[in-house]
Amino acid sequence: MKKNRAMLIGSIGAGKSTLTNALLERNEKAVKTQSLNYSDWIVDTPGEYTENPFYYKNIMATSLEVSHVMYLQDATRKKTIFPPNFSTGINKLPIGVVTKSDSDKADVDEAVRQLKRVIPSGPIVITSSITGRGIQEIRNLVKCNSLIEMKEYVSTHMDGNIFFS
Ligand SMILES: Nc1nc2c(ncn2[C@@H]2O[C@H](COP(=O)(O)OP(=O)(O)O)[C@@H](O)[C@H]2O)c(=O)[nH]1
Ligand SMILES: [Mg+2]
């Protein structure tokens, strides 16, 4: 069976590369990359792909290689850069991810609200790559093979880090 893989998208500085390291238990510091970065079951993307609609075609093309797409929303940012219902245009299992929940400046509730507009139906995980909050939940969601399986996982793991919208 093909291994499940997840692509990470989100603005420049949203925490994609730091989250990649946390998910893969790597200790190196995230460095800024201008290109796609494949490692094990993660595909990290440059923030430019999400910030500039010119690159949406790259997101679409890369999504063909993965089972899941993670939409990262930085909890310390007031705005989202994703258009409403963006996940419905990408035919892969969506996972909403709130990053930096540990920060003093984080507004987690607002970030969840933003992600619900981006992902009309799917799980949303509240994370911190520093404290490890929500990291195991993401690993488990990427093992799921359908929206129904993810929904079941969420309903049996209501630990305050994870919701289904
Ligand atoms: N407080 C906090 N800062 C984070 C977290 N994740 C990333 N950062 C910081 O956010 C900045 C951007 O992170 P990076 O992973 O390079 O973002 P990327 O551009 O999306 O790959 C860096 O200064 C990170 O140290 C987190 O969980 N909590
Ligand atoms: Mg990066």
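All figures in this text were calculated on a predicted structure; none of them were measured in a lab.

Cut-off values and rules
- Residues numbered from 1 in each chain as written.
- Chains lettered and ligands numbered in written order.
- Predicted model: local features only at pLDDT ≥ 70, side-chain atom pairs only at ≥ 80, totals over all residues.
- Heavy atoms only, no water.
- Phe/Tyr/Trp six-rings, centres within 6.5 Å; stacked < 30°, edge-to-face > 60°.
- Buried < 20%, exposed > 50% of the residue type's maximum accessible area, 1.4 Å probe, protein only.
- Pairing = 2+ DSSP bridges.
- Helix = DSSP H or I, 4+ residues; strand = E, 2+ residues; numbered from the N terminus.
- Axes fitted to C-alpha atoms, helices over the stretch in contact; angles between N-to-C directions.
- Contact = heavy atoms within 4.5 Å.
- 1 Å grid on protein atoms, 1.4 Å probe; cavity = no way out; pocket = protein on both sides within 12 Å on 5 of 7 lines; lining within 4 Å.
- Points joined across faces, edges and corners; volume = space filled by probe spheres on them.
- Nonpolar A, V, L, I, M, F, W, Y, C, P; charged D, E, K, R; others polar.

Caption draft 1: Local environment of the packing of aromatic side chains. Taken as a whole and assessed by the stated rule, the structure comprises 6 aromatic pairs. On the numbers, 5.7 Å between centres and 15° between planes, the contact of Tyr-49 with Tyr-55 is stacked. Looking at Tyr-49, the relative accessible area reads 11%, which means it is buried. For Tyr-55, a relative accessible area of 28% corresponds to the partly exposed category. Here a set of aromatic residues connected by ring pairs shows up, and it is made of Tyr-56, Tyr-71, Phe-82 and Phe-86.

Caption draft 2: Spatial organisation of the sheet that holds strand E1 (residues 6-9). Strand order in the open sheet formed by 7 strands is E2-E3-E1-E4-E5-E6-E7, with mixed pairing between adjacent strands. Edge positions in the sheet fall to strand E2 (37-39) and strand E7 (162-164), since each has one partner strand and no second. For this sheet, the mean inter-axis angle between neighbouring strands, taken without regard to orientation, is 20°. In the packing of helix H3 (residues 56-63) onto the sheet, contacts are made with E1, E2, strand E3 (42-44) and strand E4 (68-74), and the angle to E1 comes to roughly 165°.

Caption draft 3: Up close: the layout of surface pockets. Of the voids in this model, the largest pocket is the one considered here, and its volume is about 360 Å³. Lining the largest pocket are 22 residues, with Gly-13, Gly-15, Lys-16, Ser-17 and Thr-18 positioned closest to its centre. Here the lining of the largest pocket is built from residues that sort into 7 nonpolar, 10 polar and 5 charged.

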